[in-house]
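Structural characterization, general
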Amino acid sequence: MLVDGRWEGDWHPTEGANESGRFERWTTAFRNWITPDGRPGPTGDGSFAAEGDRYHLVVASACPWASRTLMVRALKGLASLIGVSVAQAEWSRQGWRLADGERSGLAALGLDVEYVHQIYSRADDHVSGRASVPVLWDRRRATIVSNESADILRMLNTAFADLAPSELDLYPDDLRDEIDALNAWTYPCLNNGVYRAGFAATQAAYAEACADVFAALDRLEARLAEDGPFLMGGRLTEADIRVFVTLVRFDAVYHGLFKCNLRRLADYPALFAYTERVYALPGIAATVNLDHIKRNYYSNRAANPSGIVPLGPKSAWGSPAGPSLQ
Ligand SMILES: N[C@@H](CCC(=O)N[C@@H](CS)C(=O)NCC(=O)O)C(=O)O
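Residues numbered from 1 in each chain as written. Predicted model: local features only at pLDDT ≥ 70, side-chain atom pairs only at ≥ 80, totals over all residues. Heavy atoms only, no water.

By definition, a disulfide links two cysteine residues through a covalent bond between their sulfur atoms. Counted according to the given criterion, the structure contains zero disulfides. No disulfide involves Cys-189; its nearest neighbouring cysteine sulfur is the one of Cys-260, lying 12 Å away. Cysteine Cys-260 shares no disulfide, and the gap to the nearest cysteine sulfur, in Cys-210, comes to 5.0 Å. On the basis of relative accessibility, which here comes to 0%, the residue Cys-260 falls in the buried class. (Disulfide = S-S within 2.5 Å. Buried < 20%, exposed > 50% of the residue type's maximum accessible area, 1.4 Å probe, protein only.)

Have a look at this one:
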């Protein structure tokens, strides 16, 4: 945790269960927006204009929230405009750490840091809270634009339209209500549901979360079997990106480590085919690093004291060596 700009204590990934044993995700601190001309976005102070070589994403490949920002960057053709630095797979006692190769890249941007929490205190020397990824860094103002992936998805969908024209609209006007309605249950029941199951501190909190996860998967399976190929029918939208990041990790980490084991993703024909379909979209495979995913989740000593990383599942996606994001 950061307290008034300083890192305190050892990091412990299971923190967050409340008195009833339920895991609660914390809220995010930086909520500014990049807009085409620097005018205000929905939140924040609005002086972040879209420009090439100005913004940089700091991510961890294991993290589903960070991965969804990488997916939008790839799908919207922003790779040459927005750079990326990837944290090392395993947790350190100070949270996310940057390996030497990544540190030199960041130092070249004026960010001479070893840990992600140092990026936070660079942005605000009195910051308190979690030092989470993703972080969208602004080189020009030497600050964090946003550390909220849901906002980053939306701003990357629109802000760079002049610099990187794209046919793809991940949040089209006519589908907004339907996308919002879907996100309203896929986030608590699935994306965060697996964490609620994995980090529950009581049997009852676990059972409640696990039931939510599988009710959500059943609902998505039915929806896709009836009407595909994507969640909104013919068009790929942010709803797909948000669901995919959890599905692609499911059999490798949530099924075992987080005890979401009523069924595997592989047991859901429509959902499994859907995950393969999204994975096959241009640029997406490079955002899925199963090696980092497994090494990170299984390095959580509270959940897995031996630190042993399982060999399977065999059908997992992603190359063992890990992809290159460029
Ligand atoms: N609201 C954030 C949540 C991101 C998040 O939870 N990231 C996790 C990794 S999956 C993290 O960095 N945790 C570090 C910590 O808890 O200190 C978002 O969606 O951008």
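This next bit is on the pattern of salt bridges. As enumerated under the stated definition, the model contains 18 salt bridges in all. In this structure, Glu-114 and Arg-97 form a salt bridge, with 2.8 Å as the shortest nitrogen-oxygen distance. Placement of Glu-114 in the loop between α2 (100–108) and α3 (116–123) and of Arg-97 in the loop between β4 (83–86) and α2 is noted, with a sequence separation of 17 residues between them. Overall, the relative accessible area of 23% leaves Glu-114 in the partly exposed class. (Salt bridge = Lys/Arg side-chain N within 4 Å of Asp/Glu carboxyl O. Helix = DSSP H or I, 4+ residues; strand = E, 2+ residues; numbered from the N terminus.)

Turning our attention to the sheet that holds strand β3 (residues 55–59). Here four strands make up an open sheet; going across it, the order is β4-β3-β5-β6 and the pairing mixed. Edge positions in the open sheet fall to β4 and β6 (143–146), since each of these has one partner strand only. Here the average twist between neighbouring strands, direction ignored, is 35°. Sheet analysis places strand β5 (residues 135–138) next to β6, joined by three bridges and oriented antiparallel. Bridging across to β6, Asp-138 finds its partner in Thr-143. (Pairing = 2+ DSSP bridges. Axes fitted to C-alpha atoms, helices over the stretch in contact; angles between N-to-C directions.)

Running from amino to carboxyl end, helix α1 (residues 64–75) crosses helix α8 (residues 238–254) at an angle of 130°, the nearest separation of the two axes being 9 Å. Here α1 lies oblique to α8, going by the angle between them. The way α1 lies across α8 gives a crossing that is right-handed. Across from Pro-64, Ser-67, Arg-68, Met-71, Val-72 and Leu-75 in α1, the residues of α8 making contact are Ile-241, Arg-242, Phe-244, Val-245, Arg-249 and Tyr-254. (Parallel < 35°, antiparallel > 145°, perpendicular 65-115°, else oblique. Left-handed = near helix turned anticlockwise from the far one by under 90°. Contact = heavy atoms within 4.5 Å.)

What follows covers the packing of helix α7 (residues 203–226) against helix α9 (residues 269–279). Running from N to C, α7 and α9 point in directions that differ by 75°, and their axes come no closer than 8 Å. Viewed along their axes, α7 and α9 adopt a mutual orientation that is roughly perpendicular. The residues of α9 that touch α7, namely those facing Leu-217, Leu-220, Glu-221, Leu-224 and Ala-225, are Pro-269, Ala-270, Leu-271 and Tyr-274. Among the residues making up the contact of α7 with α9, the classes are represented as eight nonpolar, no polar and one charged. (Nonpolar A, V, L, I, M, F, W, Y, C, P; charged D, E, K, R; others polar.)

Residues other than glycine predominantly adopt negative phi, and peptide bonds predominantly adopt the trans conformation. For the bond running from Val-133 to Pro-134, omega is 5°, close enough to zero to count as cis. Residue placement: Pro-134 occurs in the loop between α3 and β5. Positive phi, normally seen in glycine, also occurs at Asp-4, with a value near 50°. With respect to the element layout, Asp-4 can be found in the loop between β1 (2–3) and β2 (6–7). With a relative accessible area of 42%, Asp-4 lands in the partly exposed category. Even without being glycine, Ala-142 reaches a positive phi, approximately 50°. By the element assignment, Ala-142 lies in the loop between β5 and β6.

This next bit is on the domain arrangement of the protein chain. You can read the domains of the protein chain as domain 1 (2–158) and domain 2 (173–281). When each unit is reduced to the centre of its C-alpha atoms, the spacing between domain 1 and domain 2 is 24 Å. Tallying the contact residues gives 21 residues for domain 1 and 23 residues for domain 2. Here domain 1 packs against domain 2, burying approximately 1800 Å² in sum over the two surfaces, 63% of which is carbon and sulfur. When the buried area of domain 1 at its contact with domain 2 is split by residue, Phe-23, Pro-64 and Met-71 rank highest and sum to 29% of it. At the junction of domain 1 and domain 2, the tally comes to two salt bridges. Asp-180 is the salt-bridge partner of Arg-154, the closest N and O atoms lying 3.3 Å from each other. The tally of links between domain 1 and domain 2 comes to six residue pairs in polar contact (both at pLDDT 80 or more). Those elements that provide at least two residues to the side of domain 1 that touches domain 2 are α1 and α4 (149–158). Examining the composition of the side of domain 1 that touches domain 2, we find that seven residues originate from one element, α1, more than from any other. Its residues placed into classes, the side of domain 1 that touches domain 2 shows 12 nonpolar, five polar and four charged. (Domains from an automatic or database assignment. Buried area = accessible area lost by both parts, 1.4 Å probe. Polar contact = N/O pair within 3.5 Å; in protein donor to acceptor, adjacent residues only side chain to side chain.)

Before going further, it helps to examine the nonpolar core. The nonpolar side chains of soluble globular proteins are, as a tendency, buried together. Core analysis: the largest hydrophobic core is formed by 107 residues, its most contacted members being Ile-34 and Phe-160. Looking at this core element by element, the count peaks at 11 residues for α8. Here this core spans two domains, and each of domain 1 (2–158) and domain 2 (173–281) adds at least three residues to it. Those residues within four positions of Ile-34 in sequence are excluded, and the remaining contacts are Phe-48, Ala-49, Ala-50, Tyr-55, Leu-136, Val-145, Met-155, Ala-159 and Phe-160. (Core = buried A, V, L, I, M, F, W, Y, C linked by side-chain atoms within 4.5 Å.)

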